[in-house]
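What follows is the residue order along each chain.
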Amino acid sequence: MYGKWTLIGSLLVTSLLAGCSNNKPATEAQAPSTAVNLNEPAEIVLFSNSGDSPESFDERFGNALRKKFPNWKITYFQKTKGQSLEELLAANTPIDIYWESVGQFVGGLLKYELQYDMTPLIQANKIDLSQFEPTTIDAMKMISNGKMYGLPVSNNNMALFYNKDIFDRLGVPYPKDGMTWDDVVELNKQLTRSDNGKQYLGFGMSNIHYFRLNSYSLPYVDPKTEKATISDPRWKTIYESAILRPAQLDAFKTSIETRKALPESDALFTKDQTLAMYGYQSYMFVQRDLSSMNWDMVAYPTFKDLPGVGSQSYPTYFSITNISKQKERAMEVIKYLISQEFQMELSKKGIMTVLNDKAVQNAFGQEGYAKDKNLKSVFYNKFAPISPKTLYDAEAEKAFRAPLVPMALNQKDINTGFREVEEGVVKAIADLKK
């Protein structure tokens, strides 16, 4: 039911939260001209609230864009101190394209009223939306209240990584594609133990991504009522399956007490190598160099009542801003980024395509060091619908995570924890509205 909700309620407060911006209100798209002179010098300015480094941007997008458009200057502003979106807008910086992951999209483009309906440009350029993975388009239409404020360029989902050396040392069979969370809990019992004086934990999870990309597509905040969704009984299943049940082992609890944190750190898996299984976004093998590890990956575990449904997809969208004075050129940039040619190059590097193109999907990671791993597992499950996004999500997420450690240590029962979550979200929304 959540997948059909819109952001109308939350967008009503956009102007309140964007009071510090001095750009124009959102504008409607005009009938575009698709005639673009690629030989005429121009500068296309891009920005993201992600804080992504210029080197990372160039590796994924910038270098390819400069090669494709040699007469255009491609400028990327990284979000840094003194160079925030708010500060750039105050300086009248001509941002043509805003790009961001779906989880942070509303808090950037919409918060600062930069949204522009790209539908006429999409139609004029004969871009077929059916070529994309459906949840990425459905989510953007939901965010845009039926319009299209952006197009997906890269994608991501959740996967289960594992350290083969730990499994071999402890004599436990490797995980497999198609496991449920119950299977993971059982493996965790076999793997959470000490061996030759070294304490191993069976399972850890990036809980931020586990919540954001939950398979039930539950949002933190109901966009209609602007209240926390924590009373939905499926949240109890989410908390218990991958967080509270694994933590019931004594060695697990000792680790949490010692570190004052759940095993949700990359370092436990990649550096310390004391974590046998780690749930993280599937591009971890691109983001982190795992070449020194004996690792592999399997499909993200599923809930018993959602067979074959993995995590939500986590696309990154590129959006033309309403302050851009060269929207047709900006569209040429985005049109290239979603082309089969460029998507194939991304896929070969291990960056998930947004296209429903089997050839592009089959090329996933095949030009990197991980080409012999079980990379096809990222497409094993069906994507869950992307949950609705609101302007309150960042603060609401903190409230959802706040009681995790005391709940895992049985210092707080789940009812008390959930009551505190609800109270935290109420306070966060009230503070933001002020």
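Only a predicted model underlies this, so the values are computations on that prediction, with no experimental measurement involved.

Asker: Which residues make up the pattern of salt bridges, and what are the values?
Answerer: Should the charged atoms of two oppositely charged side chains come close, the side chains can pair. Counted according to the given criterion, the structure contains 22 salt bridges. Across the pair E186 and K189 runs a salt bridge whose closest N-O atoms are separated by 3.2 Å. Pair noted here: E186 and K189 are both in helix α9 (residues 181–191), with a separation of 3 residues, about one helical turn. Residue classification places E186 among the partly exposed positions, given a relative accessible area of 40%. Among the residues examined, K189 registers a relative accessible area of 47% and is labelled partly exposed. D431 is the salt-bridge partner of K434, the closest N and O atoms lying 4.0 Å from each other. Among the residues examined, K434 registers a relative accessible area of 81% and is labelled exposed. By sharing partners, the salt bridges in this structure join D182, R245 and K304 into a single network.

Asker: Account for the side chain of T192, naming residues and giving values.
Answerer: Considering the arrangement of structural elements, one finds T192 in the loop between α9 and β6 (193–195). A polar contact of 2.8 Å, which involves the side chain of T192, links it to the backbone oxygen of N188. Within the local environment of T192, its side chain forms a polar contact with the backbone nitrogen of G202, the two atoms lying 2.9 Å apart. Not counting chain neighbours up to four residues away, the residues in contact with T192 comprise Q199, Y200, L201, G202, L249, A251 and F252.

Asker: Tell me about the packing of helix α18 (residues 393–401) against helix α20 (residues 414–433), residues and numbers included.
Answerer: Axis angle and axis distance: for two packed helices, these are the angle between their axes and the distance between the axes, and together they describe the pair. Put simply, α18 and α20 touch, their axes get as near as 8 Å, and they point 160 degrees apart. In this view, α18 runs roughly antiparallel relative to α20, as classed from their interaxial angle. α18 and α20 meet at a crossing whose hand is right-handed. For the pair α18 and α20, contact is made by E395, A396, A399 and F400 and by V421, G424, V425, A428 and L432, respectively.

Asker: A description of the pairing of strand β11 (residues 316–320) should follow, citing residues and the corresponding values.
Answerer: Side chains on a regular strand alternate between the two faces of the sheet. Taken across its 5 residues, β11 has 5 buried, putting it largely inside the fold. Going residue by residue along β11, you find T316, F318 and I320 tucked away on one face and Y317 and S319 tucked away on the opposite face as well. Pairing of strand β3 (residues 97–101) with β11, which is carried by 5 bridges, proceeds in the antiparallel orientation. Bridge assignment links E100 to a residue of β11, and that residue is Y317. Relative to β11, strand β4 (residues 151–154) runs antiparallel, the two being bridged by 3 bridges. Note on β11: the bridge partner recorded for P152 is Y317.

Asker: Break down the side chain of N374 for me, citing the residues and quoting the values.
Answerer: The residue N374 is located in the loop between α17 (358–362) and β12 (382–384) in this model. The buried category is assigned to N374, whose relative accessible area is 15%. Side-chain polar atoms of N374 contact the backbone oxygen of M297, separated by 3.0 Å. Within polar-contact distance, the side chain of N374 engages the side chain of K376 at 3.1 Å.

Asker: Describe the packing of aromatic side chains, with residues and values.
Answerer: With the rule as written, the count across this model stands at 35 aromatic pairs. Ring geometry for F69 versus W72: centroids 4.7 Å apart, planes at 5 degrees, classification stacked. The pair formed by F69 and W72 is uniform in burial state, with each residue classed as buried. Each member of the aromatic cluster is reached from another via a ring pair, and the members are W181, F203, Y210, F211, Y216, Y220, W235, Y239, Y300, F303, F400 and F418. Lying over the aromatic face of W295, K373 brings its terminal NZ or CZ to 5.0 Å of the ring centre.

Asker: An account of α20 is requested, with residue identities and associated values reported.
Answerer: Relative to the 28 Å expected for 20 residues at 1.5 Å per residue, α20 spans 29 Å between its end C-alpha atoms, a close match to the ideal helical length. On its buried face, α20 is in contact with α11 (233–244), α18 and α19 (404–408). Where α20 begins, the side chain of D413 points an oxygen toward the backbone nitrogen of N415, at a separation of 3.0 Å.

Asker: Any details on the nonpolar core? Residues and values, ideally.
Answerer: The biggest cluster of nonpolar side chains holds 129 residues, and the ones touching the most others in it are F61, L151, Y210, F211, W235 and Y239. Apart from residues no more than four positions distant in its own chain, F211 is found in contact with Y220, W235, I238, Y239, I243, F400, R401 and L404.

Definitions and limits used
- Residues numbered from 1 in each chain as written.
- Predicted model: local features only at pLDDT ≥ 70, side-chain atom pairs only at ≥ 80, totals over all residues.
- Heavy atoms only, no water.
- Salt bridge = Lys/Arg side-chain N within 4 Å of Asp/Glu carboxyl O.
- Helix = DSSP H or I, 4+ residues; strand = E, 2+ residues; numbered from the N terminus.
- Buried < 20%, exposed > 50% of the residue type's maximum accessible area, 1.4 Å probe, protein only.
- Polar contact = N/O pair within 3.5 Å; in protein donor to acceptor, adjacent residues only side chain to side chain.
- Contact = heavy atoms within 4.5 Å.
- Axes fitted to C-alpha atoms, helices over the stretch in contact; angles between N-to-C directions.
- Parallel < 35°, antiparallel > 145°, perpendicular 65-115°, else oblique.
- Left-handed = near helix turned anticlockwise from the far one by under 90°.
- Pairing = 2+ DSSP bridges.
- Phe/Tyr/Trp six-rings, centres within 6.5 Å; stacked < 30°, edge-to-face > 60°.
- Lys NZ or Arg CZ within 6 Å of the ring centre and 35° of its normal.
- Expected span 1.5 Å × (residues − 1).
- Core = buried A, V, L, I, M, F, W, Y, C linked by side-chain atoms within 4.5 Å.

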